[in-house]
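Secondary and tertiary structure notes
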Amino acid sequence: MEEVKNDYVYIVLSQTPTGVGKAIRRVGGLQYNHASIAFDENLNELYSFGRIKNRVPILAGFVKEYPERFSLRQAQCVNIIIYKIPITKEQLERGKSKIREIASEKEVYMYNLLSVVTFPLLHGFYTYKAFSCSEFVAHVLQYMNVLTNKDKKAFKYTPEDIMQEVTGEVHYEGNLLTYCNASSEESRIFFEKPEYVRDTLKSIYYIMRLINRKINFI
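Residues numbered from 1 in each chain as written. Predicted model: local features only at pLDDT ≥ 70, side-chain atom pairs only at ≥ 80, totals over all residues. Heavy atoms only, no water.

Here's the deal with a nonpolar patch on the surface
- Together, Val197, Leu201, Ile204 and Met208 line one region of the surface with nonpolar side chains, adding up to about 430 Å² of accessible area.
- With respect to the element layout, Leu201 can be found in helix α10 (residues 196-216).
- When its relative accessible area of 55% is taken as the criterion, Leu201 is described as exposed. (Patch = residues over 30% accessible without salt bridge, like charges linked within 9 Å, V, L, I, M, F, W, Y side chains within 5 Å. Areas by Shrake-Rupley, 256 points an atom, 1.4 Å probe, with all protein chains shown as cover. Salt bridge = Lys/Arg side-chain N within 4 Å of Asp/Glu carboxyl O. Helix = DSSP H or I, 4+ residues; strand = E, 2+ residues; numbered from the N terminus. Buried < 20%, exposed > 50% of the residue type's maximum accessible area, 1.4 Å probe, protein only.)

See the structure below:
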């Protein structure tokens, strides 16, 4: 007998107002450039991979998200679509456990930057303990046995690939800031003024670490 699906996972696809986000949409011909995942309707626990500081785009990794991250305290409208996908209790626990596992090593996990910037040519590639936003969401959904395509690798997914493959209802479509507009204590770090010399050196070191991982963990 099939287990009853009384729980839900929420997939949020968004149009981020950053220059990088606009470039990704333009180059990739995408409507949405960013993907996030939550297990509550109010998006109080919304997770993805993205920049740690707003004005230092290279330094990125596992993040808990909130409306100010999307609006940058400037945009009045951030277009999103939320999919509400029914799941079993077992799938819910698998998803939460995977999030906890990654969160416990968030200093180790990195943003799969090299895969993202070369995606138009190489169509994505694996890097050890590194995810893009859509790769992260696809990875969690695959671990939960929610995505139907068992053969497609997580790093091959764009946000719109996820949109086309999930089986669930459109829970909301419109302005994120109308759906929820709560601030977060974590916004202080996100909006910190850059330390240009230090952050530049850290960014160079970050890229070197990514290259090293790609070379040594193929």
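There is more to say after this.
Let's talk about the packing of aromatic side chains
- Throughout the structure, instances matching the rule amount to 12 aromatic pairs.
- Seen in terms of ring centroids, Tyr128 and Phe217 are 4.4 Å apart; in terms of plane orientation they differ by 15 degrees. Their pairing is stacked. In this pair, Tyr128 is assigned in the loop between α5 (119-122) and β7 (130-131) and Phe217 in the segment after α10, connecting sequence segments 89 residues apart.
- Among the residues examined, Tyr128 registers a relative accessible area of 29% and is labelled partly exposed.
- Each member of the aromatic cluster is reached from another via a ring pair, and the members are Tyr47, Phe49, Phe62, Tyr109, Phe131 and Phe136. (Phe/Tyr/Trp six-rings, centres within 6.5 Å; stacked < 30°, edge-to-face > 60°.)

Some details on the side chain of Ser71
- Relative to the assigned elements, Ser71 resides in helix α2 (residues 67-71).
- Under the relative-accessibility criterion, Ser71 is labelled buried at 7%.

None of this, on its own, says anything about what the molecule does.
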